[in-house]
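Chain by chain, the residues run as shown.
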Amino acid sequence: MNDLTMSSLSLEFFAPVGLFAQAGGGSNSAIITFAIYIVLVMVLAGLSHRLLQSKSFMSEYFLGSRSLGVWAFALTFAATSSSGGSFIGFPSLVYTHGWVVALWIGSYMVVPIFTMGLLGKRINQVARKTGAITIPDVLRDRFDSPGFGGLATVLIVFFMTFNLIAQFKGGSTILQTLLSDVPLFQDAQVLTSHALAGVPFFGAADAGYFLCLLVFTAAVVVYTAYGGFRAVVWTDVLQGVVMVAGVLIMLPMAIYLVGGMEKATKEIARMTPPKAVSLLIETDEPLASPLVLAKNSWLVSGGEGEARRVFRLAAEARIESGENTAEVKTEEDAPQHIPAIEITFPKHIAAARPTKFTSGGQVVSVRQKVVPEEQKEKVGYDGDGQAGVYMKGPGIDKSSADGFLPLGLAISFFFMWNFSGAGQPSNMVRLMAFKDSNTLRRAIFTVAIYYTLIYFPLVVIFMCAKVLLPGWETDSDRIMPEMAKALTMAMNMPWLAGLLVAAPFAAVMSTMDSFLLMISSALVRDVYQRNINPDAPEKTIKRLTYVVTVVVGLTAMLAAVSPPQFLQDIIVFTGSGLSTSFLAPVSLALYWPRFNRQGAIAGMLSGFLTHMLLYAVGYFESGGKIEPLQLFGFHPFMVGALASAVVSVVVALTTTPPPEHLVRKFFYRD
Amino acid sequence: MTSPGETPHGNSVDDRPPELDPIFVHARREAVVILLVFFVCLTWSVGFYVVDGLQPPGAAAQSTPTVWGLPRWVFWGLLCPWLAVDVFTFWFCFYYMKNDDLDGGGSPQAEGEPGHE
């Protein structure tokens, strides 16, 4: 223990460089904005439900009767693609890795024309010819193969269920941040905590998170189940407007507060990355009452003649009554090495002030020791403490020595966002729903402008966040709501926080409702109506649809009670899994007359299995993390999609040609 | 792969030589242009990254010139092509892509309308 550094801590608040670490207030207006937003969504669901009464149930409920106009089609497409990842995971990546993330997302410059233009016209035409309502419907009819339709249904349900759980987590986390300062919510949190204590399964859940999960689930499930596809589309339009408005409001505020981009970028160029450390935290005497050291608390050490050191906790810790050593709050064990980061950028060190801790109404002074690292092989690239790591690639990455975006991955992601987007069944369904090809042409351009206004500005905003809100590497998934709160507080417009935080909330909702409906349609239409009871009366189908939508939503909520970590990783896993399975078979089905059922099934299975294999190997190699094996430095999507395409073509060419009537039907004039 | 004008496999179901669906032909041609644009953007952006934006982990820190407050490689390698693609998309959607009748096989466009052959 002699080699540990130990210092007592002063008790001041952190006043980060020119701004606010503890943005508070404004949440009453935020909760009002949120409530108005939910009411609007419910009104739209009600209107959709009325429309539903006058149309064919299946076609209207799952596809909006193929009558979407430009704005509805463009914004539902854009909003569905912009998931929780866009407003939670993506800002977190920008904040953590720096400017290199602009290239990570850079291929969104071609995503609209690629994902809508490549398959849009053909898939819409084929779906009209066959009367298809879902993607498995299209595949089943194109190859006259119920088995292939069934396989597609299973894969959609498998991947989308994973994604839905991650989206539930994202939405609930955002809502929790939004409401964290509201007294009513804090009281409800305490009540929920008491109610859940000792209840199996739910007892371990964070009370605030659980409460938000309940509200979130109720809102999404009710409006989706009640209004169907039309409600999802109309709410997507509302959510799409909220998202772009949120970004366009935040952009000038962020640039203004950092003093212009030139100044911000120069400061970022001088920044050095924080170091991951473990702390041993103690008090002089055993405490009479328990002390909670909240996650993201600041600890500052050093004084006269001693170098100043600044730490931020990456986990919540507690010192129980009668004890004087902090332990991490976990269920099974209570390690005394508290994970934290040490700030290394001199400007941030000089400005830091520690969090004030109180126990039993008394201010408590704590001291910390940095636990020396055991000698072990360095796994990732931590930037080596150098300035400039946020300005260029590959960017720091704790898990890869090659950094965040080496060349192979840069190419992979450029491919992935486009090919993966084109291969998403949720996008394909929307391509089946537009009214005519003129709508498609206008919508592609609309989405192109929309993405330009969303993604590049998001990079700029969260590079500014590095200057305005240092130290959030401990909890970077919260940077978006924290930035929204901080900007509105600094501009003295707290009422705006609700709208800004509604943007990521809208992003999550617009994706969740679509995925919920996809799973529901797969089960009701593809499994029940087409395979079990083709003659089921509309009344039965209606009732079953409502029940299935609600049950799927509640199941995903239960799975999200113990929230999965790594939101962005799960979203990438499911997105790339779906597209490796669907892209080649669907594209070849639409554009290659010689393509047959055997090739399609083999292509879909090979894409799926390759993707799963690479993730499974990576999972075991990394000791339980969602880190796929990157064969030759490429993302599994690239390898899986290539395998799927090659197998599709080879198997199709080596088996019997497709029946002539199918070729005539789909590739020749009637 | 069957090309325009070819017959499908085997004998035709009637005596008329089958004619490829014009929507299929239009969509395929548009898809080829989209793929070309994608590869141009990939080459430009990743190329700029390699030349000006990538430095091997552990290499000595280099200064990064800026343009309008953005790192130079971000400005030229990402922002500029992004705006250029928006202009291209406008041309593609309104002057190149066909306004096909998706319920039938023909084109509803009038002579002189953008996108009409």
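Residues numbered from 1 in each chain as written. Chains lettered and ligands numbered in written order. Predicted model: local features only at pLDDT ≥ 70, side-chain atom pairs only at ≥ 80, totals over all residues.

**Q** Any details on the overall build of chain B? Residues and values, ideally.
**A** Across its full length, chain B carries two helices and two strands. Along its sequence from the N terminus, chain B presents helices and strands in the succession α-β-β-α. The buried share of chain B, reckoned over its 117 residues, is 32%. (Helix = DSSP H or I, 4+ residues; strand = E, 2+ residues; numbered from the N terminus. Buried ≥ 20, exposed ≤ 12 C-beta atoms within 10 Å, placed from the backbone.)

**Q** Account for the confidence of the model for chain B, naming residues and giving values.
**A** Residue and element names in this part refer to chain B. Averaged over every residue, the pLDDT of chain B is 80; the share at 70 or more is 71%. Of all secondary-structure elements in chain B, the lowest mean pLDDT belongs to strand β1 (residues 66-67), at 94, while helix α2 (residues 72-96) reaches the highest, 96. Within the model, the stretch residues 1-7 combines pLDDT values under 50 with ten contacts to residues more than four positions away or in other chains. Throughout residues 105-117 the model reports pLDDT below 50, and contacts reaching past four residues in sequence, or to other chains, amount to 24 contacts. Predicted complex, confidence summary: ipTM 0.83, pTM 0.83. (pLDDT = per-residue confidence, 0-100. Contact = placed C-beta atoms within 7 Å.)

**Q** Explain the interface of chain B and chain A to me, using residue names and the numbers behind them.
**A** With 56 residues of chain B at the contact, the number on the chain A side is 62 residues. Of all elements in the fold, only α1 (22-53), β2 (70-71) and α2 of chain B reach the threshold of two or more residues within the side of chain B that touches chain A. In terms of residues, the side of chain B that touches chain A owes the most to one element, α1 of chain B, which gives 16 residues. Here the side of chain B that touches chain A is composed, by residue class, of 35 nonpolar, 14 polar and seven charged. (Nonpolar A, V, L, I, M, F, W, Y, C, P; charged D, E, K, R; others polar.)

**Q** Got a sec to walk through the sheet that holds strand β6 (residues 317-319) of chain A? Specific residues and values, please.
**A** Backbone-to-backbone hydrogen bonds join strands into a sheet, with any given pair of strands oriented parallel or antiparallel. Residue and element names in this part refer to chain A. Pairing is antiparallel across the open sheet formed by three strands, whose spatial order is β3-β6-β7. Lying at the two open borders of the sheet, with one neighbouring strand each, are β3 (291-293) and β7 (327-328). One ladder, built from two bridges, connects β6 with β7; its direction is antiparallel. From the neighbouring strand, Arg318 faces β7, where its bridge partner is Glu327. (Pairing = 2+ DSSP bridges.)

**Q** Talk me through the domain arrangement of chain A; I want residue IDs and the actual numbers.
**A** The extent of an interface is frequently quoted as the accessible surface area lost upon association of the parts. All names here are of chain A. As far as domains go, chain A holds domain 1 (27-263 + 392-667) and domain 2 (274-371). Between the C-alpha centres of domain 1 and domain 2 the distance comes to 38 Å. Among the residues making up the side of domain 1 that touches domain 2, the classes are represented as two nonpolar, two polar and two charged. (Domains from an automatic or database assignment.)

**Q** Talk me through the nonpolar core; I want residue IDs and the actual numbers.
**A** Residues and elements named next belong to chain A. Membership of the largest hydrophobic core comes to 247 residues, with the highest contact counts inside it found for Val447, Cys464 and Ala503. Top element by residues in this core is helix α11 (residues 207-258). It accounts for 25 residues. Two domains share this core, each providing at least three of its residues, namely domain 1 (27-263 + 392-667) and domain 2 (274-371). If sequence neighbours within four positions are ignored, Val447 has contacts with Ala74, Phe77, Ala78, Pro112 and Met116. (Core = buried A, V, L, I, M, F, W, Y, C linked by C-beta atoms within 7 Å.)

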